[in-house]
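Each chain is listed here by its residues.
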Amino acid sequence: MNHHSETPLSRAESVLWANAPAARKSPYALSYHIAAPSGWINDPNGLVRYGGRYHVFYQHYPFAPQWGPMHWGHASSADLVHWRHEPIALAPDQPYEKGCFSGSGADDGDTLALIYTAHDEDNPIKETQCVARSSDGGRTFVKSPLNPVVPHPPEGCSTDFRDPKVWRQDGHWFMVVGTAREGRGCAALYAGDDLEHWTYRGILAESDGTMGSMWECPNFCRVDGQDLLIISPMEMEGHKNIALFGAFDAAAGRMTLDRYQELDLGEDFYAAQVMEDGDRVLLIGWMDMWGKPYPTQKDGWAGALTLPRQLSVRDGRLCQLPPKELEALRQSVLVDSDAPGALDGVHGDRMELDIQCGGTAELCLSDADGELLRVTLTPERATFALPTGRTMSRDLSGAQSDIRVFVDRCSVECFVGGGEACFTQRVYPKENQFSYALSGDVTRVRAWTLGDAFEECPC
Ligand code: DQQ
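Residues numbered from 1 in each chain as written. Predicted model: local features only at pLDDT ≥ 70, side-chain atom pairs only at ≥ 80, totals over all residues. Heavy atoms only, no water.

Participant: Just to check I follow, could you spell out empty space enclosed by the protein for this structure?
Facilitator: Where empty space is left in the structure can be found by rolling a water-sized probe over the atoms. Tallied over the full model, the rule gives 3 cavities of 30 Å³ or more. Size it by volume and the largest cavity reaches roughly 70 Å³. Taken together, 13 residues form the lining of the largest cavity, with Asp163, Cys217, Pro218, Asn219 and Gln273 sitting closest to its centre. Split into classes, the residues belonging to the lining of the largest cavity amount to 6 nonpolar, 5 polar and 2 charged. Reported here for the second largest cavity is a volume of approximately 60 Å³. (1 Å grid on protein atoms, 1.4 Å probe; cavity = no way out; pocket = protein on both sides within 12 Å on 5 of 7 lines; lining within 4 Å. Points joined across faces, edges and corners; volume = space filled by probe spheres on them. Nonpolar A, V, L, I, M, F, W, Y, C, P; charged D, E, K, R; others polar.)

Participant: In this structure, what is going on with the nonpolar core? I would like to understand it.
Facilitator: Nonpolar side chains tend toward joint burial in soluble globular proteins. Leu343, Ile355, Leu363, Phe384 and Val416 are the most contacted members of the largest nonpolar core, which totals 36 residues. Residue assignment for this core shows that the elements contributing at least two residues are β23 (350-367), β24 (370-377), β25 (381-385), β27 (402-408), β28 (411-416), β29 (421-426) and β30 (435-450). The contact partners of valine 416, leaving out residues within four places of it in the chain, are Val375, Leu377, Ala382, Phe384, Leu396, Asp402, Ile403 and Ala421. (Core = buried A, V, L, I, M, F, W, Y, C linked by side-chain atoms within 4.5 Å. Buried < 20%, exposed > 50% of the residue type's maximum accessible area, 1.4 Å probe, protein only. Helix = DSSP H or I, 4+ residues; strand = E, 2+ residues; numbered from the N terminus. Contact = heavy atoms within 4.5 Å.)

Participant: Please clarify how the sheet that holds strand β8 (residues 142-143) should be interpreted in this entry.
Facilitator: Within the open sheet, the 4 strands sit side by side as β5-β6-β7-β8. Their pairing is antiparallel. Both edges of this open sheet fall to β5 (99-108) and β8, since each of them pairs with a single strand only. In terms of strand pairing, strand β7 (residues 127-134) meets β8 through 2 bridges, oriented antiparallel. Looking at the pairing, arginine 133 lines up with valine 142 of β8. (Pairing = 2+ DSSP bridges.)

Participant: So what exactly am I meant to see when it comes to the site of the ligand here?
Facilitator: Around the ligand, the structure places Asn42, Asp43, Gln59, Trp67, Met70, Phe101, Ser102, Arg162, Asp163, Glu216, Tyr270 and Trp290. Here aspartate 43 contributes a side-chain N or O atom positioned 2.8 Å from a nitrogen atom of the ligand. One of the backbone N or O atoms of serine 102 is found 3.1 Å from an oxygen atom in the ligand. For the ligand, the accessible surface in isolation is 310 Å², of which the surrounding protein chains cover 97%. (Near = heavy atom within 4 Å. Polar contact = N/O pair within 3.5 Å; in protein donor to acceptor, adjacent residues only side chain to side chain. Areas by Shrake-Rupley, 256 points an atom, 1.4 Å probe, with all protein chains shown as cover.)

Participant: Teacher, can you tell me more about the pattern of salt bridges here?
Facilitator: Pairing is possible between side chains of opposite charge, provided their charged atoms come close. Taken as a whole and judged by the stated rule, the model has 39 salt bridges. A salt bridge links arginine 309 to aspartate 264, with the nearest nitrogen and oxygen atoms 2.7 Å apart. Of this pair, arginine 309 sits in strand β20 (residues 309-314) while aspartate 264 sits in the loop between β16 (254-262) and β17 (270-277), placing them 45 residues apart in sequence. By relative accessible area, aspartate 264 is classed as buried at 0%. Where glutamate 327 meets lysine 324, a salt bridge forms, and the shortest distance between an N and an O atom there is 3.1 Å. Residue class for glutamate 327 comes out partly exposed when judged on its relative accessible area of 34%. (Salt bridge = Lys/Arg side-chain N within 4 Å of Asp/Glu carboxyl O.)

Participant: Whenever I open this one, the sheet that holds strand β11 (residues 184-194) confuses me. Can you help?
Facilitator: For sheets, the rule is that strands pair by backbone hydrogen bonds, running either parallel or antiparallel. Reading across the sheet, the 4 strands line up as β9-β10-β11-β12 and stay open at both edges, with antiparallel pairing between neighbours. A strand with exactly one partner marks an edge of an open sheet, and here the two such strands are β9 (162-169) and β12 (197-206). Each strand axis lies, on average, 25° off the axis of its neighbour in the sheet, ignoring direction. As judged from the 9 bridges shared by strand β10 (residues 172-181) and β11, these two strands associate in the antiparallel manner. By the bridge assignment for β11, alanine 180 is matched with glycine 185. (Axes fitted to C-alpha atoms, helices over the stretch in contact; angles between N-to-C directions.)

Participant: Is there a simple way to explain the pairing of strand β21 (residues 317-321) in this structure?
Facilitator: Two faces, one strand: in a regular strand the side chains alternate between the faces of the sheet. When β20 meets β21, the two strands line up antiparallel, connected through 5 bridges. In the strand pairing of β21, arginine 314 is matched with arginine 317. Between β20 and β21, which pair antiparallel in sequence order, lie 2 residues; one of them, aspartate 315, sits at a positive phi of approximately 50°.

Participant: Please explain helix α1 (residues 8-18) as it appears in this structure.
Facilitator: Residues spaced three or four apart along an α-helix point in a common direction, a consequence of the helix completing one turn every 3.6 residues. All of the buried residues along α1 are Ser10, Ala12, Leu16 and Trp17. What you see down the axis of α1 is that its buried residues fit within an arc of 160°, all on one side. The secondary structure elements touched by the buried residues of α1 are α2 (20-24), β2 (53-61), β3 (71-77) and β4 (83-90). (Arc of directions from axis to C-beta.)

Participant: Whenever I open this one, the environment of cysteine 157 confuses me. Can you help?
Facilitator: Within the secondary structure, cysteine 157 sits in the loop between β8 and β9. C-alpha separation for the pair cysteine 157 and glycine 341, spaced 184 residues apart in sequence, amounts to 57 Å. Ignoring any residue separated from it by four or fewer positions in sequence, one finds cysteine 157 in contact with Thr179, Ala180, Arg181 and Ile203.

Participant: Help me understand the side chain of glutamine 226 in this model?
Facilitator: With respect to the element layout, glutamine 226 can be found in strand β14 (residues 226-234). Among the polar contacts listed, one links the side chain of glutamine 226 to the backbone oxygen of glycine 246, at a separation of 3.1 Å. Discounting residues that sit within four places of it in the chain, glutamine 226 has contacts with Cys221, Phe245, Gly246 and Val313.

Given below as structure tokens:
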């Protein structure tokens, strides 16, 4: 490469791909989840369908498998199943930013727009909102000369002021930004006729004192006629990523709240972002969590995104299920039987299980050293037990009695009771040896091996 033409983006890109072959050799390298070719990733960002492709960006540090000055990595897909890596979209290369923090994407006609937080710890106004646009379908982005388009938090709000999420409604753009007021998490609402000019509309919704000290990654969406505000609250006892049910009044700029539901009972799910896709709403989370060990760091990578989930609201409950498209990952049918013992002797580290139950059933995932996860389903309840002794459970409506599981080398995602209870957990099985044991009242068990989601990398 011509030394003189090096930019922060091109430097990041070369290091990323120089380290990719080693990361790919990791025994835990994921097969069908979005992860970076090497280095670190956290939150999903900029989820948008644009130009006939799904675009997923993510918080990324390409220089090492640990959090650092944030870039935006990028992958795209025509079918939501098979992905290709795209060039790194954003690097912190402007005087107003030392990191490009989380944000959202928008189809703005001629351009794919990204709205993100410029973070600068050395500036008293730590976090501002900025725009970047791509005119070549998402391959390269140009930051707006009008940045920062929101240069400070609303009066009375904390300088923790980040993670803008935009949506279009009634011919206008709306945007929520996570912040806090008097130590209580809240979401600030903005409206505008374009993505560079915003008017503050007030606080959309706020913690009552029990829902965290700051709201990260807010998302507004409407699912089956139900308004939802999805947030990642900091320091909320017993919760980390919740959907608040309520009613949004666009004219008043307020959302009244009536209850909430944890999105995922596992330990490795955070910063979920939604994407409107025609008449459905999809959601992707970060499949890890702050403050946990990241055993793949020694292999040169850390972090991944969850599978996409399709949202529905059934009898007042938010349900999340993998979209039908994911069936395209299935390679061979390992099991199709009505006997609970059908999984005995089945091994596989890239697997999908679909277990239809008549009553109470239990599924146990183990490695050579013992149990990794136990899932128990009764007509009323789903319970997930970890070897640490930790158990998490959720009441079920009983509308559907099934356990669906996706295993990808060092991750397990479970969808129980028609997606009423979800559980995402990173597990690191000894020698990649998963075994499966099923007992109880089972009417049909199917298991498939799953294939790769990424095209060959350009390295
Ligand atoms: N991660 C980003 C922030 C966001 C946090 C920084 C949530 O924008 O609030 O990497 O995980």
